[in-house]
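# Observations on the model geometry
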Amino acid sequence: NYLSPSDATPRAYDAERNITDPSASTMGMVLFTTYKPYDDPCALTGRTFFWCMKYDTGGACGNLLTGTIVIQLSTGQIAQVNLAGAFTEKGGRKAAMADPGAPPTSGGGLISPRSAVNKTLHIKER
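Residues numbered from 1 in each chain as written. Predicted model: local features only at pLDDT ≥ 70, side-chain atom pairs only at ≥ 80, totals over all residues. Heavy atoms only, no water.

The next subject is the packing of aromatic side chains. For the structure on display, the rule yields 1 aromatic pair. Ring centres 5.9 Å apart and planes at 5 degrees place the aromatic pair F32 and W51 in the stacked group. Here W51 lies in strand β5 (residues 46-54) and F32 lies in strand β4 (residues 29-37), a separation of 19 residues in the sequence. As far as the burial class goes, F32 and W51 line up, both buried. Over the ring of F49 we find K94, and its NZ or CZ is 4.2 Å from the ring centre. (Phe/Tyr/Trp six-rings, centres within 6.5 Å; stacked < 30°, edge-to-face > 60°. Helix = DSSP H or I, 4+ residues; strand = E, 2+ residues; numbered from the N terminus. Buried < 20%, exposed > 50% of the residue type's maximum accessible area, 1.4 Å probe, protein only. Lys NZ or Arg CZ within 6 Å of the ring centre and 35° of its normal.)

This paragraph deals with the sheet that holds strand β9 (residues 94-100). Across the sheet, 5 strands lie side by side as β3-β4-β5-β9-β8; this open sheet has antiparallel pairing. The two strands at the open ends of the sheet, each matched to only one other strand, are β3 (23-24) and β8 (87-89). The sheet contact formed by β8 and β9 spans 2 bridges and is antiparallel. Bridge assignment links F87 to a residue of β9, and that residue is A95. (Pairing = 2+ DSSP bridges.)

Let's shift gears to the pairing of β4. Counting buried positions along β4 gives 8 out of 9 residues, so the element sits mostly inside the fold. Pairing analysis gives 2 bridges linking β3 to β4, with the strands arranged antiparallel. Within β4, the residue paired with A24 across the bridge is V30. The hairpin formed by β3 and β4 contains 4 residues between the paired strands, and G28 there has a positive phi angle of roughly 90 degrees. Sheet topology note: the β4/β5 ladder contains 9 bridges and is antiparallel. Residue pairing for β5: L31 is matched across the bridge by C52.

Right, let's talk about the nonpolar core for a bit. One finds F50, C52, L65, I69, L83 and F87 to be the most contacted residues of the largest nonpolar core, which totals 15 residues. Those residues in contact with L65 that lie beyond four places of it in its chain are M29, C52, L83, A84 and F87. (Core = buried A, V, L, I, M, F, W, Y, C linked by side-chain atoms within 4.5 Å. Contact = heavy atoms within 4.5 Å.)

Next up on the list: the side chain of K94. Residue position: K94 is located in strand β9. Those residues in contact with K94 that lie beyond four places of it in its chain are E16, F49, F50, W51, A86, F87, T88 and E89.

Turning our attention to the pattern of salt bridges. Inspection of every chain in the model, using the stated rule, returns 1 salt bridge. Where E16 meets K94, a salt bridge forms, and the shortest distance between an N and an O atom there is 3.1 Å. In this pair, E16 sits in the loop between β2 (10-11) and β3 while K94 sits in strand β9, placing the two residues 78 residues apart along the sequence. (Salt bridge = Lys/Arg side-chain N within 4 Å of Asp/Glu carboxyl O.)

Time to look at the confidence of the model for the protein. Model confidence for the protein is summarised by a mean pLDDT of 75, while 75% of its residues fall at 70 or above. Considering each helix and strand of the protein separately, the mean pLDDT is smallest for strand β1 (residues 2-3), with a value of 48, and largest for β5, with 86. (pLDDT = per-residue confidence, 0-100.)

Below, the structure is given as C-alpha cells:
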C-alpha cells in the first residue's frame, strides 16, 4: 500500500475493483471483469480478472458454464476464457487466471454465450 506524504495512513490504491458494465446472460448468469492495479503506484497497468455468478443467488454458475468469453484489454491483447473449468476461485465464481491490462470501461466488453431462440424472427417471401 502507498503511504501518503501528508500523513502516514496506508491507502488501498491497489484494491480490486469493477470498472466495467456486467453482462447478463439468458442462461441465468452474470459475467463481469474486475481490475487490480499493480502494487507500484507508478506502474502503467494492472491485471484483469473474470467473474461469473448466478444473478438470482450470487452463487457459482456450475453446469451453466459452456463456451468462451472474449475481451480486448488495454494492452491490445484479446483475452479468451473457456468457461468450463476456468472459475475455480472465490467459491467457483472467479477465474484463476489474470491477464495483464485493464478491461474496457464502457460498452460491455464481454461477449457472453446466448441460448437459441425458438421463434422465427423474420421471413421474407419472394
